[in-house]
Structures are given as C-alpha cells and as structure tokens.
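Structural features, examined
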Amino acid sequence: MLMDWNLEHYVMAVTASLPGDLDDALDAALRRFAPADMARSVQDLMRQYRDGVAPADVILDSEIDVAAYAGYRMPATFAAVSAALRHTAELAPGFLPRTHVDVGGGTGASVWAAARVWESLEKVTVLEQSPKAIAMGEWLAKRSESSAVRRGQWRRGVIHKAVDKPAADLVTMSYVLGELPAAVQESVVGSLAADAEMVVLIEPGTPAGYGRILAARDVLINHGLSVVAPCPHDHACPIPRGRDWCHFSVRLNRTALHRQIKVGTLSFEDEKFSYVAASRHPWPRATNRVLRHPTQRKGMVSMRLCTDEPGLTDAIVSKRQRDLYHHARDISWGNQWPPATAPNHS
C-alpha cells in the first residue's frame, strides 16, 4: 500500500547554495534599499501569494517591488531549475547546447542555472512581459561570470497560444504554466517543442503543479519528443492520481540578508518542485528514479522507485550487498538508481 507523500516530511539530502556571482549581484541589488523597506515589500508579496493572488496578477510597478520579487523567488527558482537541469545533463552527457531560450523568465534565474550546468552555452534569450523585471534581470546579468549570461538578450513578450521565440537547443519555462489559462497551456507547450532539441518545464511541487507537468509531458511526447527525466519511461505515469504526486525537493542555504528580508530565522528553505525534461534525440534513461527520501535502518536502505516495469516498486538494499549498499547510503530523493558509478547489482 502506498503512503501519501504529503505525510512524509523528508527533504533532499543535497543542500544548494547560490553561486558567488549571483549571490553578490542579488546582494548588491537588494542593498540599494533600506532593509526595513525591502522586508515590508517581501512580506506584502508573500501575503499576496498566501491570499491566492496568481503570480501573473502580482503588480511589480516599482524598483523595490521587483527587487523584493527577486530576493523572494530568485534563489529558490535557481535551486529548483538547477536540480532539474543537473538531472537532465546527467542522462544526456552528449547534449551540449549552444543556444537557450527561457520563456517567462522573470529576473533570469533559469539562464543563470543553465549556464552553471552547460558551459557550452553561447547565446541566451529571456522572454518576459514585465519591463521592470527585464531591467532588473539585465542589471543582474551584467554581473555574471558567464559570458553567455552577460551578453544575453532580453525581450518583452506576452505568452498567448503560441510563444514567439527564436529556435534554440534548450528551451526552459519555470513556474509559468500555472499562470496561464488552462485552455492555452497545451498549445503553449506544443509551441515550445516545435523547434527545440530539449525542453525542460518546472512547476511547483504540489498536486496541481504535478498535474500541469503530467499534461505537458503528454504534449511533448505527442510532438515526438522522448522523456529524459525524471521518468525512466514514456509510459503513462503509474502514480495514482488524487493520492500521490511526483515531486522533488532541494534545500537552499539562506544568506543573512535573505533571512532578514524574509523575516525568517531558519538558515535554509526547502523548495519543492515537479518537472519534466524531454528531447528530440532519445537518450539513455535512468534505470529507476528515487521518488522519496530513502529510509535507512540498521544494515539496510529502503527506496520507493519509479521504474520502466512494473512502474512503482520498493527496493531494499542490505549491508550484505556491500558496494551497492554504500552507494545506497548516499543516494538522495530525486536521484537515479543505481547511480552510474554503482556496480551492476539488483
């Protein structure tokens, strides 16, 4: 019997931190405003989200509003997108994109993440509808160590049924599908897949976010793409709808300023996300994907896995399996299993 995932409060063992150049750029942007004013703007933004205001309806009509948004969401978005892209790159080592388009890119977290994963990137384009978010994104990008990010093109655009974008090797869209009317989500995903080698979509790690990713996954497959991650197959998702959902989590270190503007005391935050990566070129898939934080007991590790066949299974690795057991002790929620470096044992 499957346990409901929302009853399990585990987090990914891997802890992420912002790269130094992005951390410094964000710090400089936020310190242009009095900490108390910045904290009030962040709290107002958080209140709007708690009250159910859709992200697309949040008004960013001043520099401090945009800075608050960047301080509030950019670190977590960077962490989630980085995790999804790392999983993708791990399974597609021959995918070395030169061009990247990020749709609905806000202040640019996804292009910073992609540039950290793929040094091959030469040209990046960010499409965003808010002029002030574009201005902030360009200001931050000029402080990146990546030449592709520094030279990136920022274009204003509104997402309708199709996305007016240049062709690119890599197309990303994070935390945007939920802002779009349900009637246009399918056509938008289809337009992303039309001329991309790899498409990566990220949504919040909620049942609703997972539902949008699942629908987008079907669209990508119907457009001739093959799933790269997280799924080890192109079959229907085996997770019972309405009971469980596929999501992952990354823990992000908070800086002192980040804690201050969010009026938080914890030194970290956990960002839960759902995602799908699909490619026009089929790549070897993970044999299995770890769907929960593994449970460790004396002499054994238990894992819930998504597999090609039969779909969902529970695996137990005991100390008697020696080398495989040592790998299992280090495995994290969201990783492939067994890792590429593990011995070929069952």
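Residues numbered from 1 in each chain as written. Predicted model: local features only at pLDDT ≥ 70, side-chain atom pairs only at ≥ 80, totals over all residues. Heavy atoms only, no water.

- By the naming in an unreviewed UniProt entry, the protein chain goes by rRNA methyltransferase and is assigned to Acrocarpospora macrocephala.

1. A word on the overall build of the protein chain
- Broken down by element type, the protein chain carries ten helices and 14 strands.
- When the 346 residues of the protein chain are sorted by exposure, 53% land in the buried category.
- Look at the contacts in the protein chain between residues 6 or more apart in sequence, and 72% of them connect residues 24 or more apart.
- Just so you have it, the protein chain exposes about 15,700 Å², and 50% of that area is on carbon and sulfur atoms. (Helix = DSSP H or I, 4+ residues; strand = E, 2+ residues; numbered from the N terminus. Buried < 20%, exposed > 50% of the residue type's maximum accessible area, 1.4 Å probe, protein only. Contact = heavy atoms within 4.5 Å. Areas by Shrake-Rupley, 256 points an atom, 1.4 Å probe, with all protein chains shown as cover.)

2. What to know about the state of the cysteines
- Within this structure, the stated rule accounts for zero disulfides.
- With no disulfide partner, Cys237 has as its closest neighbouring cysteine sulfur the one in Cys246, 6.2 Å distant.
- With relative accessibility at 26%, the residue Cys237 sits in the partly exposed group.
- The cysteine Cys306 is free of any disulfide, with Cys231 supplying the nearest cysteine sulfur at 6.1 Å.
- What makes Cys306 buried here is its relative accessible area of 8%. (Disulfide = S-S within 2.5 Å.)

3. A few points about the packing of aromatic side chains
- For the structure shown, the criterion picks out four aromatic pairs.
- Taking 5.5 Å as the distance between ring centres and 85° as the angle between the ring planes, the aromatic pair formed by Phe95 and Trp118 counts as edge-to-face. Taken together, the positions of Phe95 in the loop between helix H3 (63–91) and strand S2 (99–103) and Trp118 in the loop between helix H4 (109–117) and strand S3 (123–128) put the pair 23 residues apart, joining distant regions of the chain. Of the two residues, Phe95 and Trp118, both sit in the buried class.
- Seen from the ring of Trp139, Arg32 lies directly overhead, with NZ or CZ sitting 4.7 Å from the centre.
- Sitting above the plane of the Trp139 ring, Arg143 keeps its charged end 3.6 Å from the centroid. (Phe/Tyr/Trp six-rings, centres within 6.5 Å; stacked < 30°, edge-to-face > 60°. Lys NZ or Arg CZ within 6 Å of the ring centre and 35° of its normal.)

4. Digging into the side chain of Ser191
- Following the sequence through the fold, Ser191 ends up in helix H7 (residues 182–193).
- A residue is classified by how much of its surface remains accessible, and Ser191, at 15% relative accessible area, is buried.

5. Notes on the pairing of strand S9 (residues 268–279)
- The element S9 is extensively covered by neighbouring structure, given that nine of its twelve residues are classed as buried.
- Across seven bridges, the pairing between strand S6 (residues 196–204) and S9 is antiparallel. In the strand pairing of S9, Ile202 is matched with Tyr275.
- The sheet contact formed by strand S7 (residues 226–229) and S9 spans three bridges and is antiparallel. Looking at S9, one finds that Ala229 is bridged to Ala277.
- As defined by bridge partners, strand S8 (residues 248–253) adjoins S9 across six bridges and the pair is classed as antiparallel. (Pairing = 2+ DSSP bridges.)

6. Focus: the environment of Val66
- Mapped onto the fold, Val66 is located in helix H3.
- Of the residues examined, Val66 reaches a relative accessible area of 2% and is grouped as buried.
- Along the chain, Val66 and Ile134 lie 68 residues apart, while their C-alpha atoms are 9.6 Å from each other.

7. Side note on H7
- Every buried residue of H7 is listed here: Val184, Gln185, Val188, Val189, Gly190, Ser191, Leu192 and Ala193.
- The inward-facing, buried residues of H7 contact S2, strand S5 (168–174), S6 and helix H8 (207–222).

8. Re the environment of Ser274
- Of note, Ser274 is situated in strand S9.
- Through-space distance from the C-alpha of Ser274 to that of Ile202 is 5.8 Å; in sequence the pair is 72 residues apart.
- For Ser274, the side chain forms a polar contact with the main-chain oxygen of Cys246, separated by 2.7 Å. (Polar contact = N/O pair within 3.5 Å; in protein donor to acceptor, adjacent residues only side chain to side chain.)

9. Details of the side chain of Asn288
- With respect to the helices and strands, the residue Asn288 is situated in strand S10 (residues 288–290).
- Residue contacts for Asn288: discarding those within four places in its chain leaves Leu305, Cys306, Thr307, Asn335, Gln336, Trp337 and Pro338.

10. Points about H8
- Taking 1.5 Å per residue, 16 residues should reach 22 Å; H8 reaches 23 Å between its end C-alpha atoms and fits that length.
- Where H8 is concerned, the buried positions are Gly209, Tyr210, Gly211, Arg212, Ile213, Leu214, Ala216, Arg217, Val219 and Leu220.
- Buried residues in H8 make contact with H7, S6, S7 and S9. (Expected span 1.5 Å × (residues − 1).)

11. Things to note about the nonpolar core
- Among the nonpolar cores identified, the biggest contains 70 residues, and Trp112 and Phe273 are the most heavily contacted of them.
- When residues in this core are grouped by element, the largest group, 16 residues, is from H3.
- Two domains each provide a minimum of three residues to this core, namely domain 1 (15–279) and domain 2 (288–337). (Core = buried A, V, L, I, M, F, W, Y, C linked by side-chain atoms within 4.5 Å. Domains from an automatic or database assignment.)

12. Examining the pattern of salt bridges
- If you walk through the whole model with that rule in mind, you get nine salt bridges.
- Ionic pairing is found between Asp27 and Arg31, a salt bridge with its closest N-O pair at 2.9 Å.
- The partner of Asp37 in a salt bridge is Arg40, with the nearest N and O atoms 2.1 Å apart. Here Arg40 and Asp37 lie together in helix H2 (residues 35–50), a separation of three residues that amounts to about one turn.
- Among the residues examined, Asp37 registers a relative accessible area of 32% and is labelled partly exposed. (Salt bridge = Lys/Arg side-chain N within 4 Å of Asp/Glu carboxyl O.)

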